[in-house]
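Each chain, written out:
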Amino acid sequence: MNKIISCNNLKKSFYIKNKTLNVLNDISFDIEKGKTTSIVGESGSGKSTIANIIAGLLKPTSGRVFFENLSIFDNTSVNKASFVKATFDKRKVFRKNIQMIFQDPYLSLNPKMRVLDIILEPLKIHEKFSKEKLLKIADDILQKVNLSSTVKKRFSHQLSGGQRQRVAIARAIILNPKFIILDEPLSSLDVSIASGIINLLIDLQKNLGLTYLFISHDLKVVKYISDSVSVLYMGKFLEKAKTNQIFSNPLHPYTQALIESSFTFRKNQTKILLNSEIPSLLDPPKGCLFSTRCPFAKKICFDARPELKEIEKDHFVACHLVKDASNTFGRAKTTSSSL
Ligand SMILES: Nc1ncnc2c1ncn2[C@@H]1O[C@H](COP(=O)(O)OP(=O)(O)OP(=O)(O)O)[C@@H](O)[C@H]1O
Ligand SMILES: [Mg+2]
């Protein structure tokens with residue numbers, strides 16, 4: 001795999017009133033260059049925590065993150081040849097190449113700035129250009145995100161939700177980044193506007209060679225946009241696979257339940273209902289984190305925490321009960337297109 005990001009053994013804990021909240025429990029994964037990797041999971045599973053760590057906004061308690069062999073949080077490197085001595089220069093590389101788009105562009109865009117200044121701001125920090133050149137760049141970038149150049153003079157509250165998210169995308173791509181983290185970028189938009197943004201993201205990826213980390217609750221969108229999917233539960237991956245494998249042959253009961261609750265019209269479904277509460281991170285189950293909600297849980301599931309194992313090529317599952325790719329807990333396999 002030609003990877004752009006590697007996360008190795010990430011742990012993140014928050015400390016609240018002498019209690020420890022283990023939000024990420026030893027997460028390792030790679031993001032393939034030029035592809036879209038998605039993370040799915042219920043609210044509170046730790047998706048934004050991973051996003052913020054990779055973006056350099058939050059320090060992990062332990063573990064390391066590499067962007068093209070450069071370690072994001074310290075001055076060491078996987079590859080000595082690419083060691084960048086000056087922390088300042090290294091930070092500049094990350095700021096230019098790693099961009100983040102948030103759920104609510106209303107909050108992420110400065111309300112006191114006009115669109116022109118919002119989109120040019122990152123460029124002004126990194127490069128020196130004449131006023132004319134900046135205007136030309138702004139017009140080009142607005143065209144790339146399908147916005148009319150008349151929005152340049154407006155403030156963000158004078159735009160629609162879809163236009164605001166396009167401005168956020170314009171600002172994110174203006175430095176020609178390699179990697180963009182999209183944390184629930186569509187949840188504040190209605191369906192028709194969201195589909196325009198999805199298609200824009202796909203076009204930009206194709207034209208600019210971008211890599212995406214896509215975080216979403218919406219499995220229909222995830223299925224449409226992703227090359228691979230990781231399923232997060234209480235700060236641990238329960239399943240990781242290529243998108244087609246996840247949707248045609250989900251092996252973990254939790255993945256099956258997530259998919260079934262998103263595609264309720266699907267045939268051959270077993271009823272794994274996610275109606276019980278996620279356990280508290282302050283008192284997580286000792287064995288499998290999903291054991292308290294799993295209808296198939298056996299003694300071993302309550303006693304020991306399963307690690308991710310490669311069950312078939314590129315398909316990893318953390319479940320004591322899944323021994324091979326034909327174990328579907330009684331549910332017939334579906335082809336991805338029949339979902
Ligand atoms: N600064 C913080 N201090 C204490 N706890 C935090 C902090 N940030 C996040 N958490 C906790 O960490 C857990 C994971 O939060 P995170 O925001 O990563 O979840 P998420 O999967 O992005 O959820 P959502 O889908 O609702 O956005 C939650 O229980 C949250 O309350
Ligand atoms: Mg979040």
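Numbering of residues starts from 1 in each chain and follows the order in which that chain's sequence is written. For naming, the first written chain is A and the first written ligand is 1, with later ones following in the order written. For this predicted model, a pLDDT threshold of at least 70 governs which residues receive local features, and a threshold of 80 or more governs which side-chain atom pairs are given and counted, while totals over whole chains, interfaces and linings are taken from all residues. Excluding hydrogens and water, the side-chain values take into account all heavy atoms of the structure.

### Some thoughts on the packing of helix 4 (residues 115–126) against helix 6 (residues 161–173)
- Where helices are involved, their axes are fitted lines through C-alpha atoms of the stretch in contact, as for all axes, and angles between N-to-C directions lie from 0 to 180°. We count a stretch as a helix when DSSP gives it H or I for four or more residues in a row; a strand needs E for two or more, and each element gets its number in order from the N terminus. For the pair helix 4 and helix 6, the least separation of the axes is 7 Å and the interaxial angle reads 30°. The orientation of helix 4 with respect to helix 6, classified from their angle, is roughly parallel. Seen from helix 4, the contacting residues are Val 115, Ile 118, Ile 119, Glu 121 and Pro 122; seen from helix 6, they are Val 167, Ala 170 and Arg 171. In this scheme, roughly parallel covers angles under 35 degrees and roughly antiparallel covers those over 145, while 65 to 115 is roughly perpendicular and the rest are oblique. Note on contacts: a residue pair is in contact if any heavy atoms of the two residues lie within 4.5 Å.

### Things to note about empty space enclosed by the protein
- Think of a 1 Å grid over the protein atoms and nothing else: a 1.4 Å probe that fits but is trapped marks a cavity, an open set flanked by protein within 12 Å on at least five of seven lines marks a pocket, and residues with an atom within 4 Å of a point count as lining. Grid points are joined across faces, edges and corners, and a volume is the space filled by probe spheres set on the points. Here the structure, examined in full by the defined rule, presents two cavities of 30 Å³ or more.
- Taken as a whole, the largest cavity encloses approximately 60 Å³ of empty space.
- Residue lining of the largest cavity: His 252, Pro 253, Cys 288, Phe 290, Ser 291, Cys 294, Cys 301, Pro 306, Cys 319, His 320 and Leu 321, and that is the complete set.
- Ten residues, namely Ala, Val, Leu, Ile, Met, Phe, Trp, Tyr, Cys and Pro, are considered nonpolar, four, namely Asp, Glu, Lys and Arg, are considered charged, and the remaining ones, Gly among them, are considered polar. The residue inventory of the lining of the largest cavity, partitioned by class, reads eight nonpolar, three polar and no charged.
- Its boundaries defined by the atoms lining it, the second largest cavity holds a volume of some 40 Å³.
- Of the residues in the lining of the second largest cavity, the class split is five nonpolar, no polar and two charged.

### Quick word on the site of ligand 1
- For this purpose, a residue is taken to be near a molecule or strand whenever a single non-hydrogen atom of the residue falls within 4 Å of it. Of all residues adjacent to ligand 1, which total 14 residues, the nearest are Ser 43, Gly 44, Lys 47, Ser 48 and Thr 49.
- Contact between ligand 1 and Gly 44: an oxygen atom at 2.8 Å from a main-chain N or O atom of the residue.
- Distance and chemistry together define a polar contact, namely a pair of N or O atoms within 3.5 Å, with one atom able to donate a hydrogen and the other to accept it when in protein, and with adjacent residues in sequence counting only for side-chain atoms on both sides. In the model, an oxygen atom of ligand 1 is placed 3.3 Å from a nitrogen or oxygen of the His 217 side chain.
- Accessible surface area values rest on a Shrake-Rupley calculation with a 1.4 Å probe, where residue burial reflects the displayed protein chains alone. Within the complex, the protein chains bury 62% of what would otherwise be the 640 Å² of accessible surface of ligand 1.
- Listing elements by their share of the shell around ligand 1, those giving two or more residues are strand 1 (3–16), strand 2 (19–32) and helix 1 (47–54).
- Of the residues forming the shell around ligand 1, the biggest block, three residues, is contributed by helix 1.
- Of the residues that constitute the shell around ligand 1, the class distribution is five nonpolar, seven polar and two charged.

### Topic: the packing of aromatic side chains
- Two rings belonging to Phe, Tyr or Trp (six-membered ring only in the last case) form a pair when the distance between their centres is within 6.5 Å. Interplanar angles under 30 degrees mark stacking, angles over 60 mark edge-to-face geometry, and anything in between is tilted. In this structure the tally under the stated criterion is five aromatic pairs.
- Look at Phe 29 and Phe 237: their rings are 5.4 Å apart centre to centre, the planes differ by 75°, and that puts the pair in the edge-to-face class. Placement of Phe 29 in strand 2 and of Phe 237 in strand 10 (residues 236–242) is noted, with a sequence separation of 208 residues between them.
- The classification of residues rests on relative accessible area computed with a 1.4 Å probe and restricted to protein chains. Under 20% of the type maximum is buried, over 50% is exposed, and intermediate values are partly exposed. The exposure class of Phe 29 is buried, given its relative accessible area of 4%.

### Observations concerning the sheet that holds strand 8 (residues 211–215)
- Strand order in the open sheet formed by eight strands is 6-7-8-3-9-10-12-11, with mixed pairing between adjacent strands. Every interior strand has two partners, whereas the edge strands, strand 6 (98–101) and strand 11 (309–312), have only one. With strand direction ignored, the average angle separating the axes of adjacent strands in the sheet is 20°.
- Pairing between two strands requires that DSSP report at least two bridges joining them. Pairing geometry for strand 7 (residues 179–183) and strand 8, over five bridges, is parallel. Considered in strand 8, the bridge of Ile 180 is made with Tyr 212.
- Taken strand by strand, helix 7 (residues 191–208) contacts strand 3 (36–40), strand 7 and strand 8, and its axis lies near 155° from that of strand 8.

### Comments concerning the pairing of strand 4 (residues 62–67)
- Across five bridges, the pairing between strand 1 and strand 4 is antiparallel. Within the sheet, the bridge partner assigned to Lys 11 lies in strand 4 and is Ser 62.
- Sheet topology places strand 4 next to strand 5 (residues 70–71); two bridges connect them, and they run antiparallel. Each residue of the ladder has a partner; that of Phe 66, found in strand 5, is Ser 71.
- Hairpin geometry of strand 4 and strand 5 is characterised by an intervening segment of two residues between the two adjacent antiparallel strands and by a positive phi of about 45° at Glu 68.

### Structural notes on the confidence of the model for the protein
- As a per-residue measure, pLDDT reflects the predictor's confidence and takes values from 0 up to 100. Looking at the protein as a whole, the pLDDT averages 89, with 90% of positions reaching at least 70.
- Contacts of residues 335–339 to residues separated by more than four positions or lying in other chains number twelve contacts, the stretch itself having pLDDT below 50.

### Regarding unusual backbone geometry
- At Glu 68, a position not held by glycine, the phi torsion is positive, near 45°.
- With respect to the secondary-structure elements, Glu 68 resides in the loop between strand 4 and strand 5.
- Residue classification places Glu 68 among the partly exposed residues on the basis of a relative accessible area of 25%.
- Although it is not a glycine, Met 234 sits at a positive phi angle of roughly 45°.
- As for its placement among the helices and strands, Met 234 is situated in the loop between strand 9 (228–233) and strand 10.
- Under the relative-accessibility criterion, Met 234 is labelled buried at 3%.

### Side note on the layout of surface pockets
- Estimated volume of the largest pocket: approximately 590 Å³.
- Lining of the largest pocket is provided by 23 residues; of these, Leu 57, Arg 95, Ile 98, Gln 99 and Met 100 occupy positions nearest its centre.
- Those elements that provide at least two residues to the lining of the largest pocket are helix 2 (87–97), strand 6, helix 4 and helix 6.
- Its residues assigned to classes, the lining of the largest pocket comprises 15 nonpolar, four polar and four charged.
- Each pocket or cavity is described by its volume, and for the second largest pocket that value is around 350 Å³.
- In this structure, the second largest pocket is lined by 18 residues; those nearest its centre are Met 1, Asp 30, Ser 228, Lys 240 and Phe 316.
- Elements with a minimum of two residues in the lining of the second largest pocket: strand 1, strand 2, strand 9 and strand 10.
- When residues in the lining of the second largest pocket are grouped by element, the largest group, four residues, is from strand 2.
- Taken together, the residues that form the lining of the second largest pocket break down as six nonpolar, five polar and seven charged.
- Composition of the lining of the second largest pocket by domain shows at least three residues from each of domain 1 (3–226) and domain 2 (242–338). Per the annotation, domain bounds derive from an automatic or database assignment of domains.

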